Amino acid sequence: LRATREKPHFGVGQYNLGIVLLGQGRRKEAVEAFQMAIRYGQEAPEVARAYHNLGIVLLDDNQLGDAHAMFSEALRLVPTKQSSYVARAMTSFRMNDYRAAESDFLAGVSLSPDPAALFWLGRTREKLGDLAGAADSYRKAVALQPNMNDAKERLDALASGHPLPFLQNQQN
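Residues numbered from 1 in each chain as written. Predicted model: local features only at pLDDT ≥ 70, side-chain atom pairs only at ≥ 80, totals over all residues. Heavy atoms only, no water.

This part is about the nonpolar core. Phe34, Ile38, Tyr51 and Leu54 are the most contacted members of the largest nonpolar core, which has 24 residues in total. Secondary-structure elements contributing two or more residues to this core are helix H2 (11–23), helix H3 (27–40), helix H4 (44–60) and helix H5 (64–77). It is H4 that contributes the most residues to this core, eight residues altogether. Discounting residues that sit within four places of it in the chain, Phe34 has contacts with Tyr15, Gly18, Ile19, Leu22, Ala50, Asn53, Leu54 and Val57. (Core = buried A, V, L, I, M, F, W, Y, C linked by side-chain atoms within 4.5 Å. Buried < 20%, exposed > 50% of the residue type's maximum accessible area, 1.4 Å probe, protein only. Helix = DSSP H or I, 4+ residues; strand = E, 2+ residues; numbered from the N terminus. Contact = heavy atoms within 4.5 Å.)

This brings us to the side chain of Arg125. Note on placement: Arg125 falls in helix H8 (residues 115–128). On the basis of relative accessible area, Arg125 is assigned to the buried category, the value being 12%. There is a polar contact of 3.0 Å between the side chain of Arg125 and the side chain of Ser137. Setting aside its immediate chain neighbours within four residues, Arg125 contacts Glu102, Leu106, Asp130, Gly133, Ala134 and Ser137. (Polar contact = N/O pair within 3.5 Å; in protein donor to acceptor, adjacent residues only side chain to side chain.)

A few words now on H3. For H3, which comprises 14 residues, the first-to-last C-alpha distance of 20 Å matches the rise-based estimate of 20 Å (1.5 Å per residue) to within 8%. Among the residues of H3, those classed as buried are Ala30, Val31, Ala33, Phe34, Ala37 and Ile38. Buried residues in H3, looked at end-on, bunch into an arc of 165 degrees, giving them a common side. Along H3, the residues that are exposed and aim more than 90 degrees away from the buried face are Lys28 and Arg39. Where the residues of H3 are buried, they touch H2 and H4. (Expected span 1.5 Å × (residues − 1). Arc of directions from axis to C-beta.)

Along the chain, Thr80 falls in the loop between H5 and helix H6 (82–94). In this structure Thr80 comes out as exposed when scored by relative accessible area, which is 56%. Measuring from C-alpha to C-alpha, the distance between Thr80 and Ser110 comes to 10.0 Å, with 30 residues separating the pair along the chain.

Read these as geometric descriptors, not functional statements.
This is the structure:
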């Protein structure tokens, strides 16, 4: 906080302030701090982090188009940012753009295997009607995290020929 008072144009300080404010539930102020971090950031990775975290706030606020744009900017600056691929994929999933979601989940897990991303890749493939691909994704998720019950349940249902329906709160 002191750093942002003494040097308001210090991108890293603004980013850190945004994280603190977000942790305190002061979302509007956090958004402003992340915007300042983007404006005054000096290196691509620090600016990408600010875009990513601003995207997370927007995603949580259901501002899906704006969130998608923030994750895209983070990836433009740092094309190997796995968390931004996964977050953009979740945004696309919630926007019912399952092809884009699948592409981003695949890009994310290709950078580093992640059980949650593999689970959501499976969900996306189910939405696309690719049940074999969905089962493969669930198998990989369970292999990485054996206690992932949601993936086990969906995999068992697919194996039995009776895929689980998507509950209303699971649609997006």
